[in-house]
Amino acid sequence: MIDKIAQEVDMLDRHLGVLQMVVDNEPIGIVKMSNELGYDHHEIRYSLRLLEEESLIDPTQQGATTTDETASFIETIDE
């Protein structure tokens, strides 16, 4: 059970790291994020898909960008 929780925490950390990369470097693509964060392309792609489903990023041809909801989400986390 502890291993499963650790995996979930690691995945959440990856999602937040990907979101932070988008905030800091938008627009940014999968390859650059993969190289910078050290995750495989499919892991970055999965995180981006989840963030898009939560309306926290938008995919563009130039790369992922933030949405109007991103800043308020980050403020909530910081609190």
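These lines cover the structure that appears in this document, whether it is placed above or below. (Residues numbered from 1 in each chain as written. Predicted model: local features only at pLDDT ≥ 70, side-chain atom pairs only at ≥ 80, totals over all residues. Heavy atoms only, no water.)

## As for the packing of helix α1 (residues 2-25) against helix α2 (residues 30-37)
Helix packing for two helices is described by the angle between their axes and how far apart those axes are.
Right, so step 1: For the pair α1 and α2, interaxial distance at closest approach is 11 Å and the crossing angle is 120 degrees. One element, α1, and the other, α2, form an angle in the oblique class. Viewed along their axes, α1 and α2 form a crossing whose handedness is right-handed. Listed contacts from α2 to Gly17, Val18, Met21 and Val22 of α1 are Met33, Glu36 and Leu37.
Right, so step 2: When grouped by side-chain class, the residues that make up the contact of α1 with α2 number five nonpolar, one polar and one charged. (Axes fitted to C-alpha atoms, helices over the stretch in contact; angles between N-to-C directions. Helix = DSSP H or I, 4+ residues; strand = E, 2+ residues; numbered from the N terminus. Parallel < 35°, antiparallel > 145°, perpendicular 65-115°, else oblique. Left-handed = near helix turned anticlockwise from the far one by under 90°. Contact = heavy atoms within 4.5 Å. Nonpolar A, V, L, I, M, F, W, Y, C, P; charged D, E, K, R; others polar.)

## Description of the pairing of strand β2 (residues 63-66)
Residues in a regular strand project their side chains so that they alternate between the two faces of the sheet.
Right, so step 1: One ladder, built from four bridges, connects strand β1 (residues 57-60) with β2; its direction is antiparallel. Bridging across to β2, Thr60 finds its partner in Gly63.
Right, so step 2: Counting the residues between successive antiparallel strands, the hairpin from β1 to β2 contains two residues. (Pairing = 2+ DSSP bridges.)

## Some points on the packing of α2 against helix α3 (residues 41-53)
Right, so step 1: Where α2 contacts α3, the two axes come as close as 9 Å, and the packing angle between them is 115 degrees. Relative to α3, the element α2 is oriented roughly perpendicular. For the pair α2 and α3, the sense of crossing is right-handed. In this structure, α2 uses Ile30, Val31, Met33, Ser34 and Leu37 to contact α3, whose residues at the interface are His41, Ile44, Arg45 and Leu48.
Right, so step 2: The residue makeup of the contact of α2 with α3, split by class, is six nonpolar, two polar and one charged.

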